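# Tertiary structure, described
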Amino acid sequence: MPGQLLISTPSEGVTLLTLNRPDKMNALATPLLREIAEAVEAADADDAVRAVVITGNDKVFAAGADINELSKNGVVEGLADVRPAIWNRIRSARKPVLAAVEGYALGAGNELVLCADIAIAGEGAQFGQPETNLGIIPGAGGAALLPKLIGRARAMRLVLLGERLSAEEALACGLVSEVTDKGAALACAIELAAKIARRAPLAMIQGKAVIKAALDAPLDAALATERQAFTVLLGTEDKRLGTDAFLTKIRARWTGS
């Protein structure tokens, strides 16, 4: 019987993680969340993997946390909850992570999208943080990270009113980078991941790290971090191969060193 998380290799250097709880609308219960973290960490540790794509099915990416699980938790359980550490493991991926979203990405599902570096939405996709409908607020980035990405005003409406963003609205505010025809988000994400997989791996890792750091740092500190990473890359074999390839018009064969 297939598991809750399907792992495949749709293209060289690309790991695809497919959420597989269709009967629960891919609700991110703790066991599934832990499987995602373990798979992302395994991809990070595998030199053959250059990018990760996370997707659901054609009707839903992930419709939230598991409400049955959540309903049993009080303050004590919340303080002892392992989920924050699991979320942090997913967010800590060094390699590029992409999300391919069809249908609903709500609550924890939208927070999983926030963990991605590039998100692609199929037409008709919807994004939201409806936790206040349950008398709580988002707990994995939907209130803390979302305003940094889409702005204070939009984040307030999503959290306080439980409103949703359409795929086109998500594109306009920067939550996703592209909207495709309905059903085409996964193919687009895999194509982008394959392009990333063909690029210099250390540059992909450092580029991601600097952009993420810049979200949380003053400009001077972000510029210093950027320059440090740039300087480190100057001493790599991939930098030599890349500049030689440019000068000789011959495609580089990246070594990741």
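## Digging into the pairing of strand β2 (residues 14–19)
Successive residues of a regular strand alternate their side chains across the two faces of the sheet. In terms of residue burial, β2 counts as a mostly covered element, since six of its six residues are buried. Here β2 shows two buried faces, one formed by Val14, Leu16 and Thr18 and the other by Thr15, Leu17 and Leu19. Relative to β2, strand β1 (residues 5–11) is paired through five bridges, and the arrangement is antiparallel. Looking across to β2, one finds that Ser8 is bridged to Leu16.

## Here we look at the pattern of salt bridges
Within this structure, the stated rule accounts for six salt bridges. Among the salt bridges present, the one from Glu163 reaches Arg157, with a minimum N-O distance of 2.7 Å. The network of salt bridges with common partners includes Glu237, Arg240 and Asp244.

## Digging into the packing of helix α4 (residues 83–91) against helix α5 (residues 108–115)
Axis separation between α4 and α5 bottoms out at 9 Å; the angle between their running directions is 35°. The way α4 lies across α5 gives a crossing that is right-handed. On α5, the residues touching Arg83, Trp87, Ile90 and Arg91 of α4 are Ala108, Glu111, Leu112 and Cys115. For the contact of α4 with α5, a count of residues per class yields five nonpolar, no polar and three charged.

## Brief notes about the nonpolar core
Ile36, Phe127 and Leu175 are the most contacted members of the largest nonpolar core, which totals 45 residues. Ranked by size, the runner-up nonpolar core spans 15 residues in total, among them Leu98, Ile120, Ala193 and Met204.

## Quick look at a negative patch on the surface
On the surface, a cluster of negative charge is made up of Glu123, Glu168, Glu169 and Asp181. In this fold, Glu123 is placed in the loop between β7 (118–122) and β8 (126–128).

## Quick look at helix α7 (residues 152–161)
Along α7, the residues classified as buried are Ala155, Leu158 and Val159. An end-on view of α7 places all buried positions within 90° of arc, on one side of the element. Facing away from the buried surface of α7 by more than 90 degrees, the exposed residues are Ala153, Leu160 and Leu161. Taken together, the buried residues of α7 touch β8, α6 (146–150) and β9 (164–166).

## So, the sheet that holds strand β5 (residues 97–101)
Read across the sheet, six strands follow the order β1-β2-β3-β5-β7-β10 without closing on themselves; strand pairing throughout is mixed. Across the chains shown, the open sheet's two edge strands, defined by having one partner strand only, are β1 and β10 (178–180). Strand-to-strand twist across the sheet, computed as the mean angle between neighbouring axes with direction ignored, equals 25°. Of the pairings in the sheet, the one linking β2 to strand β3 (residues 51–55) comprises five bridges and is parallel in character. If you follow Thr15 over to β3, its bridge partner there is Val52. Relative to β2, helix α1 (residues 30–45) is tilted by about 175°, and along the sheet it contacts β1, β2 and β3.

## A short note on the side chain of Glu102
Of note, Glu102 is situated in the loop between β5 and β6 (104–106). Buried within the structure, Glu102 lacks any salt-bridge partner; Lys182 is the closest side chain of opposite charge, at an N-O distance of 5.0 Å. Separated by 3.0 Å, the side chain of Glu102 and the backbone nitrogen of Ala185 make a polar contact.

## With respect to the sheet that holds strand β4 (residues 60–62)
The strand order across the open sheet built from four strands is β4-β6-β8-β9, with neighbouring strands paired in mixed fashion. Lying at the two open borders of the sheet, with one neighbouring strand each, are β4 and β9. On average, adjacent strands in this sheet sit at an angle of 20° to one another, irrespective of strand direction. In terms of strand pairing, β6 meets β8 through three bridges, oriented parallel. Considered in β8, the bridge of Leu106 is made with Gly128. Most of the contacts of α5 go to β6, to which it runs at about 90°, and overall it touches β4, β6 and β8.

## What to know about unusual backbone geometry
Look at Met25: it is not a glycine, yet its phi comes out positive at around 55°. Along the chain, Met25 falls in the loop between β2 and α1. For Met25, a relative accessible area of 38% translates into the label partly exposed. One non-glycine residue, Lys249, lies in positive phi territory at about 65°. Here Lys249 is to be found in the segment after α12 (237–248).

Parameters and conventions
- Each residue is numbered by its place in its chain's sequence as written, counting from 1.
- pLDDT decides what is reported in this predicted model: residues at 70 or higher carry local features, side-chain atom pairs at 80 or more are listed and counted, and totals for whole chains, interfaces and linings draw on all residues regardless.
- In computing side-chain values, all of the structure's heavy atoms are included and hydrogens and water are not.
- Note on exposure labels: buried denotes an accessible area under 20% of the residue type's maximum, exposed denotes more than 50%, and partly exposed covers the range between, all computed with a 1.4 Å probe on protein chains only.
- Secondary structure elements follow DSSP: runs of H or I of four or more residues count as helices, runs of E of two or more count as strands, with numbering from the N terminus.
- Here, strands pair whenever DSSP counts at least two bridges between them.
- In the sections that follow, a salt bridge refers to a side-chain nitrogen of Lys or Arg positioned within 4 Å of a carboxyl oxygen of Asp or Glu.
- Working convention: axes come from line fits to C-alpha atoms, limited for helices to the stretch in contact. Angles between N-to-C directions cover 0 to 180 degrees.
- A crossing counts as left-handed when the near helix is turned anticlockwise from the far one by less than a right angle, and as right-handed when that turn is clockwise.
- Here, two residues are considered to be in contact whenever any of their heavy atoms come within 4.5 Å of each other.
- For this classification, Asp, Glu, Lys and Arg are treated as charged, while Ala, Val, Leu, Ile, Met, Phe, Trp, Tyr, Cys and Pro are nonpolar and the rest, including Gly, are polar.
- Here, nonpolar core refers to any group of buried Ala, Val, Leu, Ile, Met, Phe, Trp, Tyr and Cys residues whose side-chain atoms link them within 4.5 Å.
- Every patch collects residues that have over 30% relative accessible area and no salt bridge, joining them within 9 Å if they carry like charges and within 5 Å if they are nonpolar side chains (Val, Leu, Ile, Met, Phe, Trp, Tyr).
- Here the open area of atoms and residues is found with the Shrake-Rupley method and a 1.4 Å probe, where only the protein chains shown may cover a residue.
- Counting rule applied: Lys, Arg positive; Asp, Glu negative; His and chain ends not counted.
- Positions of charges follow a simple convention, taking NZ of Lys, CZ of Arg, CG of Asp or CD of Glu.
- Throughout, the arc means the angular range of directions from the helix axis out to the C-beta atoms.
- Think of a polar contact as two N or O atoms within 3.5 Å of one another; within protein, one of them needs to be a possible hydrogen donor and the other a possible acceptor, and neighboring residues in sequence only count if both atoms come from side chains.

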